Amino acid sequence: MVETWQISYEELKQFITAHPSIEIDATSIVIPGDIRPGFYSLFDKVRAGFVKERFASQLEKSYVLSVAYSEAAKAAKEEMHLESIEIDASLNWFLLDPVNGLMRVIFDPLFELLKGKVDLEGFTRTGETAISESYKMLFREGYERWGSLALLNLLTPERLWAGKTQDFYTGPTMEGDIIGSNQGDFVPDVVESKKIVFDNLVRASFVVPNQLIYSGRTQAFVSLLLRWYLPRWKARLVSEKMDWIDLKQTYKDFGNANLWPDMMVHVTDENPDDLKMIADYYRLARPDVIIEFMEEDDWYDAKRVEDIVRHNRVLNPSLGSYVVSRVKVPPEAFKPQEASTVVLSSGTNPSEGMEGSLSPAETPIARALSLAELQDKIHVLDVGYDVTKLEPIVEAIVQATEKVKAEKPRGTQPTG
């Protein structure tokens, strides 16, 4: 059966035939300016049709996300009088119009088809793979950013600060990346801002929050760090208000793979500069709360559950972990098997520490987490896009604030 996008493709080929000035061959593409709009109108019709016909269910979910993100972003801009919320261009296209965002990845494959380098079957196979991979990445990032903005709105932010970090990722190589022990510096102070920027950093001088706010809800400073990246420098001065985790010991105990949750939340009560750095090369501020965003329909398999438990074990957040699920999770899903244990194992590569690859006897850090401990430390929230269902996280942040305020202030300490 011929699909609609294939009919559109035939129309595109007929347009090319009717305009001999168009040259598309193995080495060049020439499309005169006067007929370029007509060409690309049909070219885009093919791409859009391909996405709509072969990814209908994904598009349905994507448009729901698009509306939810738009509402959360609008609320954040109005509440905080923001100039902008900056996200990666590919994600922005996807959230504004999922079809437009997804069809971009088959721009080159469609030209490969027109050049005769692949046939329809090859184009279909390549296109489906490219769109599937793009959708998975963009939908995940979109749900994370919706969750971040929704949580921010619940915290009733009154002021916003931005931290500074030096990004070392400049291309395929890490140019300018200096090993931490060779470079020490003071962490730049935070400055008030009217922009929220969601970076996709790989390596940088220090790990700093995505958002740092004064929360009217908690009457304290709250930082949200969405997605971990590698810090490369040593801070010469760190806040004593934070509980610092020795990263060298963490890597020794757990390996260097699969350590970090989707989001870390930190709280302080006196000075936003206490939260200007979340981590340097040697240490990480223990989070008060960690958050995992689960956007997939059937995310709650044994492997994903083990990942969540592992992250909680590695960071041991003072008020536990919260799983924000887009779908309703069956009560029995987030439980270990009849043995009521989840094995947490260390590993130095991504294949280790998964699916019970190491037993407790094989590594000193590995241990079994009882079902009771699991339920006490990790809280699964059936959120979907209902902002009010994030309230348990806000309540935990309020508890963290009360705990911080009960402690005696200490100030800062030099680290050499």
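Residues numbered from 1 in each chain as written. Predicted model: local features only at pLDDT ≥ 70, side-chain atom pairs only at ≥ 80, totals over all residues. Heavy atoms only, no water.

**As for the layout of surface pockets**
Left-over empty space is what a probe sized like a water molecule reveals as it rolls over the atoms.
Part 1 of the argument: Its boundaries defined by the atoms lining it, the second largest pocket holds a volume of some 320 Å³.
Part 2 of the argument: Of all the elements in the fold, those that place two or more residues in the lining of the second largest pocket are strand 4 (157-162), strand 7 (195-197) and strand 10 (220-226).
Part 3 of the argument: In the lining of the second largest pocket, the residues fall into 12 nonpolar, five polar and four charged. (1 Å grid on protein atoms, 1.4 Å probe; cavity = no way out; pocket = protein on both sides within 12 Å on 5 of 7 lines; lining within 4 Å. Points joined across faces, edges and corners; volume = space filled by probe spheres on them. Helix = DSSP H or I, 4+ residues; strand = E, 2+ residues; numbered from the N terminus. Nonpolar A, V, L, I, M, F, W, Y, C, P; charged D, E, K, R; others polar.)

**Brief notes about the packing of aromatic side chains**
Aromatic ring pairs are reported here in terms of the distance separating the ring centres and the angle at which the planes meet.
Part 1 of the argument: One pass over the structure, following the stated rule, counts 22 aromatic pairs.
Part 2 of the argument: Taking 5.0 Å as the distance between ring centres and 90° as the angle between the ring planes, the aromatic pair formed by Phe-39 and Tyr-40 counts as edge-to-face.
Part 3 of the argument: Residue class for Phe-39 comes out buried when judged on its relative accessible area of 0%.
Part 4 of the argument: Taken together, a centroid distance of 5.4 Å and an interplanar angle of 25° make the contact between Tyr-143 and Trp-146 stacked. Here the residue Tyr-143 and the residue Trp-146 both occupy positions in helix 7 (residues 120-154), the gap between them amounting to three residues, near one helical turn.
Part 5 of the argument: Overall, Trp-146 belongs to the buried group, its relative accessible area being 1%.
Part 6 of the argument: Taken together, the ring pairs connect Phe-39, Tyr-40, Phe-43, Phe-107 and Phe-111 into an aromatic cluster.
Part 7 of the argument: The ring of Trp-93 has Arg-104 sitting right over it, with the charged end atom 3.7 Å from the ring centre.
Part 8 of the argument: The cationic tip of Lys-234 hangs over the ring face of Tyr-282; the distance from NZ or CZ to the ring centre is 6.0 Å. (Phe/Tyr/Trp six-rings, centres within 6.5 Å; stacked < 30°, edge-to-face > 60°. Buried < 20%, exposed > 50% of the residue type's maximum accessible area, 1.4 Å probe, protein only. Lys NZ or Arg CZ within 6 Å of the ring centre and 35° of its normal.)

**Re the pattern of salt bridges**
Part 1 of the argument: Per the counting criterion, the structure on display carries 24 salt bridges.
Part 2 of the argument: The salt bridge involving Lys-61 is made with Asp-297; its shortest N-O contact spans 3.1 Å. With Lys-61 in helix 3 (residues 56-80) and Asp-297 in the loop between strand 17 (289-294) and helix 9 (302-315), this pair connects stretches of sequence that are 236 residues apart.
Part 3 of the argument: You can call Asp-297 partly exposed: its relative accessible area is 40%.
Part 4 of the argument: Notably, a salt bridge pairs Asp-297 with Arg-326, separated by 2.2 Å at the nearest N-O pair. Taken together, the residues Asp-297 in the loop between strand 17 and helix 9 and Arg-326 in the loop between strand 18 (321-325) and strand 19 (341-344) connect sequence positions 29 residues apart.
Part 5 of the argument: A cluster of three or more residues bridged by salt bridges with shared partners is formed by Arg-140, Glu-141, Glu-144, Arg-145, Arg-227, Asp-262 and Glu-295. (Salt bridge = Lys/Arg side-chain N within 4 Å of Asp/Glu carboxyl O.)

**Brief notes about the side chain of Thr-250**
Part 1 of the argument: Tracing the backbone through its elements, the reader meets Thr-250 in helix 8 (residues 247-254).
Part 2 of the argument: Every residue in contact with Thr-250, bar those within four places of it in the chain, is listed here: Ile-245, Gly-255 and Val-314. (Contact = heavy atoms within 4.5 Å.)

**So, the packing of helix 2 (residues 36-54) against helix 6 (residues 107-114)**
Part 1 of the argument: Packing of helix 2 against helix 6 leaves a shortest axis separation of 11 Å and a crossing angle of 110°. The orientation of helix 2 relative to helix 6 falls into the category roughly perpendicular. Residue-level contacts link Phe-39, Tyr-40, Phe-43, Val-46 and Arg-47 of helix 2 to Phe-107, Leu-110, Phe-111 and Leu-114 of helix 6.
Part 2 of the argument: When its residues are assigned to classes, the contact of helix 2 with helix 6 shows eight nonpolar, no polar and one charged. (Axes fitted to C-alpha atoms, helices over the stretch in contact; angles between N-to-C directions. Parallel < 35°, antiparallel > 145°, perpendicular 65-115°, else oblique.)

**Looking at the environment of Ser-215**
Part 1 of the argument: Looking at the secondary structure, you find Ser-215 in strand 9 (residues 211-215).
Part 2 of the argument: A relative accessible area of 0% places Ser-215 in the buried class.
Part 3 of the argument: As a C-alpha pair, Ser-215 and Leu-152 span 63 residues in sequence and 8.7 Å in three-dimensional space.
Part 4 of the argument: Ser-215 has contacts with Leu-155, Thr-156, Ala-220 and Val-222, leaving out every residue within four places of it along the chain.
Part 5 of the argument: From its side chain, Ser-215 meets the backbone oxygen of Leu-155 in a polar contact 2.6 Å long. (Polar contact = N/O pair within 3.5 Å; in protein donor to acceptor, adjacent residues only side chain to side chain.)

**Things to note about helix 8**
Part 1 of the argument: Within helix 8, the full set of buried residues consists of Leu-247, Thr-250 and Phe-254. Seen end-on, helix 8 carries its buried residues on one side only, within an arc spanning 50°. Looking at helix 8, the residues exposed on the side facing more than 90 degrees away from the buried face are Lys-248 and Lys-252.
Part 2 of the argument: Lining the buried residues of helix 8 we find strand 14 (244-246), strand 16 (283-285) and helix 9.
Part 3 of the argument: Measuring from the backbone nitrogen of Lys-248 back to the side-chain oxygen at the start of helix 8 gives 2.9 Å, which picks out Asp-246 as the cap.
Part 4 of the argument: Phi for Gly-255, located one or two positions after helix 8, is positive at around 80°. (Arc of directions from axis to C-beta.)

**Quick word on the pairing of strand 15 (residues 263-268)**
A regular strand carries its side chains on alternate faces of the sheet.
Part 1 of the argument: Of all six residues in strand 15, six are buried; the element is thus mostly enclosed.
Part 2 of the argument: Alternating positions in strand 15 separate into two faces, Met-263, Val-265 and Val-267 on one and Met-264, His-266 and Thr-268 on the other, with burial throughout.
Part 3 of the argument: Of the pairings in the sheet, the one linking strand 15 to strand 17 comprises three bridges and is antiparallel in character. Its bridge partner being in strand 17, Met-264 is matched across the sheet by Ile-290. (Pairing = 2+ DSSP bridges.)

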